[in-house]
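One-letter residues, chain by chain:
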Amino acid sequence: MTQTAKIVAAVLVTFVWGATAECATLMLDFGGSTTTGSGQGAVGPGHFEGLLTAADDVWNPIGTSDTSSLVFSNGSPATGVSLDLGGETGTTTDVIGWSETRFATRNPGDGGLLDYQKNNVVRDYTRTNYSSTVAMGYRVTGLSPGLYYVYAAADDTYHLPGAGNNTSFEVFLGTQTGGADTDYSGFISDVLENVDASGSYVRGDNYSRTLVKLGAGESLVIASERRGPSDGRGQMNALQIMPIPEPAALAIWSLLGVLAAAAGWRRRRP
Ligand SMILES: [Ca+2]
Ligand SMILES: [Ca+2]
Ligand SMILES: [Ca+2]
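Residues numbered from 1 in each chain as written. Chains lettered and ligands numbered in written order. Predicted model: local features only at pLDDT ≥ 70, side-chain atom pairs only at ≥ 80, totals over all residues.

Enquirer: Please explain unusual backbone geometry as it appears in this structure.
Expert: With the exception of glycine, the majority of residues adopt a negative phi angle, and the majority of peptide bonds are in the trans configuration. With a phi angle near 50 degrees, Asn119 is a residue other than glycine that sits in the positive phi range. Assignment of secondary structure puts Asn119 in the loop between strand E5 (103-106) and strand E6 (125-128). C-beta crowding within 10 Å serves as the criterion here: with 15 such atoms nearby, Asn119 is assigned to the partly exposed category. (Helix = DSSP H or I, 4+ residues; strand = E, 2+ residues; numbered from the N terminus. Buried ≥ 20, exposed ≤ 12 C-beta atoms within 10 Å, placed from the backbone.)

Enquirer: Is there a simple way to think about the sheet that holds E6 in this case?
Expert: Strands belonging to one sheet form pairs held by backbone hydrogen bonds; the direction of such a pair is parallel or antiparallel. Read across the open sheet, the three strands follow the order E5-E6-E14; overall the sheet is antiparallel. In the strand order of this sheet, the two ends are held by E5 and strand E14 (235-236), each with one partner. Relative to E14, E6 runs antiparallel, the two sharing two bridges. Paired with Thr126 across the two strands is Met236, which belongs to E14. (Pairing = 2+ DSSP bridges.)

Enquirer: I keep staring at the pairing of E6 and nothing clicks. Help me out?
Expert: Consecutive residues of a regular strand have side chains that alternate between opposite faces of the sheet. Across four bridges, the pairing between E5 and E6 is antiparallel. By the bridge assignment, Phe103 is partnered in E6 with Thr128.

Enquirer: I keep staring at the environment of Gly44 and nothing clicks. Help me out?
Expert: Among the structural elements, Gly44 can be located in the loop between strand E1 (26-30) and helix H2 (45-48). We classify Gly44 as buried; it has 27 C-beta atoms within 10 Å. Residues Gly44 and Gln117, spaced 73 residues apart in sequence, show a C-alpha to C-alpha distance of 10.0 Å.

Enquirer: Which parts of the structure should I look at to understand the pairing of strand E9 (residues 169-176)?
Expert: Here E9 runs beside strand E11 (residues 188-192); their pairing, made up of five bridges, is antiparallel. Each residue of the ladder has a partner; that of Val171, found in E11, is Asp190.

Enquirer: Where do I start with the sheet that holds strand E2 (residues 60-62) in this structure?
Expert: One open sheet accounts for five strands, arranged E2-E1-E15-E8-E12; its pairing is mixed. A single partner strand is all that each edge strand has here, and the edge strands are E2 and strand E12 (208-214). For this sheet, the mean angle separating the axes of adjacent strands, direction not counted, is 25 degrees. In the sheet, E1 pairs with E2 via three bridges, with the strands oriented parallel. (Axes fitted to C-alpha atoms, helices over the stretch in contact; angles between N-to-C directions.)

Enquirer: Even after reading the chapter, I still don't get the nonpolar core, so can you show me in this structure?
Expert: Note that soluble globular proteins tend to have their nonpolar side chains buried in a common cluster. In terms of nonpolar packing, the biggest core is built from 53 residues, with Leu26, Val150, Ala152, Ile222 and Leu239 touching the most fellow members. Looking at this core, the elements that each hand over two or more residues are E1, strand E3 (82-88), strand E7 (136-141), strand E8 (146-153), E9, strand E13 (219-226) and strand E15 (238-244). With six residues, the top contributor of residues to this core is E8. In this view, Leu26 contacts Leu70, Phe72, Ala78, Val81, Val140 and Ile241; residues no more than four positions away in its chain are not counted. (Core = buried A, V, L, I, M, F, W, Y, C linked by C-beta atoms within 7 Å. Contact = placed C-beta atoms within 7 Å.)

So, in structure tokens, the structure goes:
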């Protein structure tokens, strides 16, 4: 590849990734807090990893209700996109019922938050409120088909650090067509141990990043459940659902092929 082509590629990758991610990333801030954390510009795991920029600053505050009034991270309306909250139909059923409405929000305890939790979207959360043993589900419908990174953060910030705060959650991810209740027992999952005390986002400890392929007409389904000796209550502090610009990347490589061919043609001319 020529130096010019390399520069063109770098610029295009930067531009296309930035433009695509910025305009179609969905950021959900669970919990009822309006003082801090649910406002605009808060840093999530996708920002921490450098894949989202300061321009991706619009979060959707989510309490305990389903909603179809959502915006993307650049503030543009997420027309046709909706969020459905649900709860496990029994302690060990591994099925999310989407007509469940018994949820609650929790603000953090009055001290001891780690630095990355302070004044941030991960400080508060939404959880199930009818049993201490059921998972909670989050279903997003209306997103464009393609590849997504799903960032999930779940931690019990209501209890102070120490033995009670190192709560471990399992986050399940999958897809679904139609509106039926969802069996998530076959979904892929990530475990968040929440034991790191460095005060920073740490992937695999206090947040997960999972690659999900969404087909045409499919909904993204996420479930969370507290781990322990027995099943525990599910909750979520924040989610970022970020498209990976795969078609754009393919277009870039096609263009580079044209550039390389043109450079070769020029070199061969007398
Ligand atoms: Ca939150
Ligand atoms: Ca619902
Ligand atoms: Ca359960």
